[in-house]
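Secondary and tertiary structure notes
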Protein chains: 2
Amino acid sequence: MEKNNKNKIILIIADGIGDRPIKELEYKTPLEAANTPNLDRMAKEGINGTMHTVDRGIRPGSDIAHLLIFGYPYRKYYSGRGVFEVLGIGMELHHGDIAFRGNLATVEGGKIVDRRAGRMESSLIIPKKMTVEIEDVKFCLKPGSLHRVAVIMRGNGLTSNIQDIDPHELSAEPRRKISLDSSPESEKTERIVNEFIDYMSDFISKHPENVKRKKEGKPYSNFLLLRGAGKHMDVPPLSEKYHLKACCISGGGLYKGIAKYVGMDIIEVEGATGKLDTDLNAKIKEAIHQTKNYDLVFVHMKFADSLSEVGDFKGKKEFIERIDKSLAPILEMDNVIVFFSGDHSTPCKLQAHSGDPLPAVIWGPKEMIQTDKVERFGERPCQEGGMGHFNALNIMHKLLNISGKQKLLGA
Amino acid sequence: MEKNNKNKIILIIADGIGDRPIKELEYKTPLEAANTPNLDRMAKEGINGTMHTVDRGIRPGSDIAHLLIFGYPYRKYYSGRGVFEVLGIGMELHHGDIAFRGNLATVEGGKIVDRRAGRMESSLIIPKKMTVEIEDVKFCLKPGSLHRVAVIMRGNGLTSNIQDIDPHELSAEPRRKISLDSSPESEKTERIVNEFIDYMSDFISKHPENVKRKKEGKPYSNFLLLRGAGKHMDVPPLSEKYHLKACCISGGGLYKGIAKYVGMDIIEVEGATGKLDTDLNAKIKEAIHQTKNYDLVFVHMKFADSLSEVGDFKGKKEFIERIDKSLAPILEMDNVIVFFSGDHSTPCKLQAHSGDPLPAVIWGPKEMIQTDKVERFGERPCQEGGMGHFNALNIMHKLLNISGKQKLLGA
């Protein structure tokens, strides 16, 4: 280990921050159009670059994007989003468990009329700790936010290589043929999942709350849609992979789940909601505080992505300005290495994730960072940065190196 | 799929366009010395970069270069040039067929005196559809342009892992020992190819046209040289790999062959000869027209490469100016994403392909392209482009992403 390895790392990911030129912003991106004195100072005093989450032009989901940012190749470590969602709401998974994302939904005449049952709170229907046993298989359920329900399926001879029960479209029937091959595992998983769905649909539709709602003409649920099946596997935690003690500060469940998957502690911050009302200042304040306890503090900021997905470029610009303001206290610190970027671009005019690269900056003590000519943080200025183009899988090594925590390869 | 995916892609490859500084052009490259207002406009309004066809310093043939441009890793999908040549002149290949490029040649005293038999037209000698059967193997022949003959070898227990009959040098004997190992496949292939060569040499030398030419002291042929053996395999077409309907506009047979190999339709354009007299304007006009029918239109422009191979830098500069003029109508379009680059560099002073990288630009609607500071298209200006350095294998993903046609990886 090198001489100076006392520096802590703060890894900040602003979800979906990257964008494309927007006519109404005079062909600037929301980030370029925003007033961001703190990010600009980081760009000027730091080293900048252009980050491709997976590789050039590849369009990632947030789950795979974060695995790569943490240094985990997705081909080896990604098994399906259900795992992260289940971990993210605080359930414990064992090796081999199958995890699902679930939705309360409304089905009429065999067809889905509302995939989210009017976003009714699932906690009204599903007990805090619910288990269902079918043959030798045990299901554990926990209500998530709004209509969401996390589901664990635990037993022998099961597979996550199945299709979603959720057909992802309206007026379609829930999928019942979910096996993808004729293995005994597929056959058993399909049979028991179907029995479970029948049991749950009966349970949900007979629940007094739903009976009442239906009578009153309000949105009600009578079905449980499952998707994103993933088999939980034990992965080497960050403490083992990089000898780092790491924690996560995030409002969104998915990000907590991925962080937990790679062995981070989850720090709950009051006011961190992952929504527009989220308290970014509180998150950064807590991140600074946690550098006392952890080598790496991961901070996830969600809402720029959500605004992009509804095309609200003005809101996105304003949210980026709030992000920028929240960063001010970090720039007072003299013993942290800060990485700031996104997990993927979400161009407002596409209203979807894209494979466009992201601006990225590493900022820290003056003697530890090789600076470049970039004076402003943004998609275009960072193209000229000293880090050039790199993939997300490089981040952890860059940060370990700069902070003096990188192992020697060879002798 | 994203919201805005209506944009069509035009992929233009100017063969061998890259070069090195040339003293007589005041140390500019032919591209830098050329007057190219349209390419310069694309550079200014688009995003630029430096493309390595395979990787830094690797010197590619046109066949491997094009496979990579279309997104097919050559280690997996390249089996030998014969396949592309045979497909390129419109013959049909079945899985497992061995395809060869053939030349009419002149042999005297057992040694090759002209590898191309004075470039005499092979159609004077070889019937339009010729088949030869030896044991259980069937050969199909078709005359190509000038001295060229395409040959398919169809049968069981054959291999393409053999040397060329063509020794590629004058005064050498045609190679008869072509097997590279002692497998039964190599033994059978060598034996039958040799019988075929004997049969064909007899057929060619006894042809009245050759008898007459020899008597008159004109170039004549008496031998068939084979090279570039490749085993045809079924590859996933672009329609399957990227969900793209694609077509090819090219004068040169090789490029049509590669395009056909990856599942493109071949659009014939009158005046597209692949030679100096080729009608570039007609090709671009047709490309624009075909964006109505196809998601991706590939346009290949050959002759800058041919001029480079004879060291004609002045001619290359002029041909590049013709390319530039032909592009004007594309810049009137508001719904296309255009990629322009080469397949490899061919420095005029080397008179051969090189591993020097190529300038590249992506141009399209203003809200879809992240611009950069590049103001002029050329080897050096593009070094500062926003795409940085990339490999040809990245192109398709970049274009799918920008045009909104890229699949989501993860959730």
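Here, residues in each chain are numbered from 1, in the same order as that chain's written sequence. Written order determines the labels here, with chains lettered from A and ligands numbered from 1. The predicted nature of this model means local features are confined to residues of pLDDT at least 70 and side-chain atom pairs, given and counted, to a pLDDT of 80 or more, with totals for whole chains, interfaces and linings taken over all residues.

1. What to know about the overall build of chain A
From N to C terminus, chain A includes 13 helices and 15 strands. In this description the radius of gyration comes from C-alpha coordinates, and the expected globular size is given by 2.2 Å times residues to the power 0.38. At 23 Å, chain A has a C-alpha radius of gyration in line with the 22 Å of a compact globule built from 411 residues. Seen through its C-alpha atoms, chain A measures out along the principal axes to roughly 65 × 55 × 35 Å. Put simply, a residue is buried when 20 or more other C-beta atoms lie within 10 Å of its own C-beta and exposed when 12 or fewer do; between those, it is partly exposed, and each C-beta is set from the backbone. Here chain A, with 411 residues, has 53% of them falling under the buried criterion. Contact between two residues is assigned when their C-beta atoms, built from the backbone, lie within 7 Å. Within chain A, contacts between residues separated by at least 24 positions form 69% of all contacts whose residues are at least 6 apart in sequence. Secondary structure elements follow DSSP: runs of H or I of four or more residues count as helices, runs of E of two or more count as strands, with numbering from the N terminus.

2. Description of the sheet that holds strand β15 (residues 389-391) of chain A
Taken in spatial order, the eight strands make up an open sheet running β11-β10-β12-β1-β13-β14-β2-β15 (chain A), and their pairing is mixed. On the outer flanks of this sheet lie β11 (265-266) and β15 of chain A, each paired with one strand and no other. DSSP-based pairing: two strands are paired if at least 2 bridges between them are found.

3. Some remarks on the environment of B:Thr36
Residue and element names in this part refer to chain B. Among the secondary structure elements, Thr36 is positioned in the loop between α1 (30-33) and α2 (37-45). When the C-alpha positions of Thr36 and Arg322 are compared, they lie 8.9 Å apart, and in sequence the two are 286 residues distant. When near neighbours in sequence (up to four residues on either side) are disregarded, Thr36 contacts Ile320, Glu321, Asp324 and Phe377.

4. Thoughts on the relation of the copies chain A and chain B
The transform that puts chain A on chain B rotates by 120° and translates by 0.3 Å along the axis, for an RMSD of 0.2 Å. With respect to symmetry, the two chain copies, as superposed, fit the operation of a three-fold axis. The position closest to the rotation axis in chain A is occupied by the C-alpha of A:Gly388, lying 4.2 Å away. By residue overlap, the copies meet through two different surfaces: only 3% of the interface positions of chain A are interface positions in chain B. Overlaid copies result from least-squares superposition on C-alpha atoms, with residues included only where pLDDT is at least 70 in both.

5. What to know about the packing of helix α5 (residues 81-88) of chain A against helix α9 (residues 253-261) of chain A
All names here are of chain A. Helix axes use the C-alpha atoms of the stretch in contact, all axes being lines fitted to C-alpha atoms, and the angles between their N-to-C directions lie in the range 0 to 180 degrees. Packing of α5 against α9 brings their axes to within 7 Å, and their N-to-C directions diverge by 100°. Between α5 and α9, the angle falls in the class roughly perpendicular. Contacts between α5 and α9 involve Val83, Phe84, Glu85, Val86, Leu87 and Gly88 from the former and Gly253, Leu254, Lys256, Gly257, Ile258, Lys260 and Tyr261 from the latter. Gly counts as polar in this scheme, as do all residues outside two lists: the nonpolar Ala, Val, Leu, Ile, Met, Phe, Trp, Tyr, Cys and Pro, and the charged Asp, Glu, Lys and Arg. Looking at the contact of α5 with α9 residue by residue, the classes come out as seven nonpolar, three polar and three charged. Throughout, the term roughly parallel applies to angles under 35 degrees, roughly antiparallel to angles over 145, roughly perpendicular to angles from 65 to 115, and oblique to all others.

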